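In case you want the letters, here they are:
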Amino acid sequence: MPQNRERRIAALRSFVVRLAPIALLVLIVPVTPSLAQAAGHVRLKITKASLFVGGGVGSGVLTYGGRDYPFRISGLSLGVAAGASVSRLEGLATGIRHVADFAGTYDSVGGGGAFVGGFGGVQLRNEKGVRIALQGPRAGIEFAGNLSQITISLRK
């Protein structure tokens, strides 16, 4: 029996000695970020009109994982808003695990203004944890500071 025990201990030591370099390599080598950690680039154009309650429609492209995904956008806003504008916004989308996570209903808080030309920005977040931060120029006559609900649907 003592020889059996010694053989098992020797086999265990041999196993640990062979496993140690692999474990060390795993700890030292940096992990490449997965697509879930990568941000997507968003470009969109939206046309909207409002007088306290507003509506808007538009389209855009999500560039994610080396591919382009066209989408449609529509929404309603409520708050201090008056006028009409066309916005071309760009920014980043984070928290995407799968491209399908990008589609959904987003709540936003944004503001900006335009008198022939202006600048605006918006922060969006959907129920799947995707966050979109957008900014860019506006053309038209509009002042807005409002809460919005926006729906994004991927085109097929």
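Residues numbered from 1 in each chain as written. Predicted model: local features only at pLDDT ≥ 70, side-chain atom pairs only at ≥ 80, totals over all residues. Heavy atoms only, no water.

**Some thoughts on the nonpolar core**
Ranked by internal contacts, the top residues of the largest apolar core, which has 21 residues, are V42, L62, F102 and I132. Those elements giving two or more residues to this core turn out to be β1 (40-64), β2 (67-94), β3 (104-126) and β4 (131-154). Not counting residues up to four positions away in its chain, the partners in contact with I132 are V42, L92, A93, F102, Y106, V122, Q123, L124 and I152. (Core = buried A, V, L, I, M, F, W, Y, C linked by side-chain atoms within 4.5 Å. Buried < 20%, exposed > 50% of the residue type's maximum accessible area, 1.4 Å probe, protein only. Helix = DSSP H or I, 4+ residues; strand = E, 2+ residues; numbered from the N terminus. Contact = heavy atoms within 4.5 Å.)

**Some details on the environment of S148**
With respect to the helices, strands and loops of the structure, S148 is situated in strand β4. Spatially, the C-alpha atoms of S148 and D107 are 5.9 Å apart, while their sequence positions differ by 41 residues.

**Concerning the environment of L154**
By secondary structure assignment, the location of L154 is in strand β4. Looking at L154, the relative accessible area reads 26%, which means it is partly exposed. Beyond its immediate chain neighbours, meaning those up to four positions away, L154 contacts Y69, P70, F71, V99, A100, F102 and A103.

**Comments concerning the packing of aromatic side chains**
Taken as a whole, this structure holds 2 aromatic pairs when the rule is applied. Ring geometry for F71 and F102: centres 5.1 Å apart, planes at 70 degrees, overall edge-to-face. Here F102 lies in the loop between β2 and β3 and F71 lies in strand β2, a separation of 31 residues in the sequence. One aromatic cluster is present, built from ring pairs that chain together F71, F102 and Y106. (Phe/Tyr/Trp six-rings, centres within 6.5 Å; stacked < 30°, edge-to-face > 60°.)

**Observations regarding the side chain of N126**
For N126, the position within the fold is in strand β3. With relative accessibility at 5%, the residue N126 sits in the buried group. Polar contacts involving the side chain of N126 include one to the side chain of Y106, which spans 3.3 Å. Only 3.0 Å separates the side chain of N126 from the backbone nitrogen of V130, close enough to count as a polar contact. Ignoring sequence-local partners within four residues, the contact set of N126 consists of D101, F102, A103, T105 and Y106. (Polar contact = N/O pair within 3.5 Å; in protein donor to acceptor, adjacent residues only side chain to side chain.)

**Digging into the confidence of the model for the protein chain**
Looking at the protein chain, pLDDT values average 75 and 61% of them are 70 or higher. By mean pLDDT, helix α1 (residues 2-28) is the weakest element of the protein chain at 62, and β1 is the strongest at 84. Contacts for the low-pLDDT stretch residues 23-36, under 50 throughout, to residues beyond four places or in other chains number 6 contacts. (pLDDT = per-residue confidence, 0-100.)

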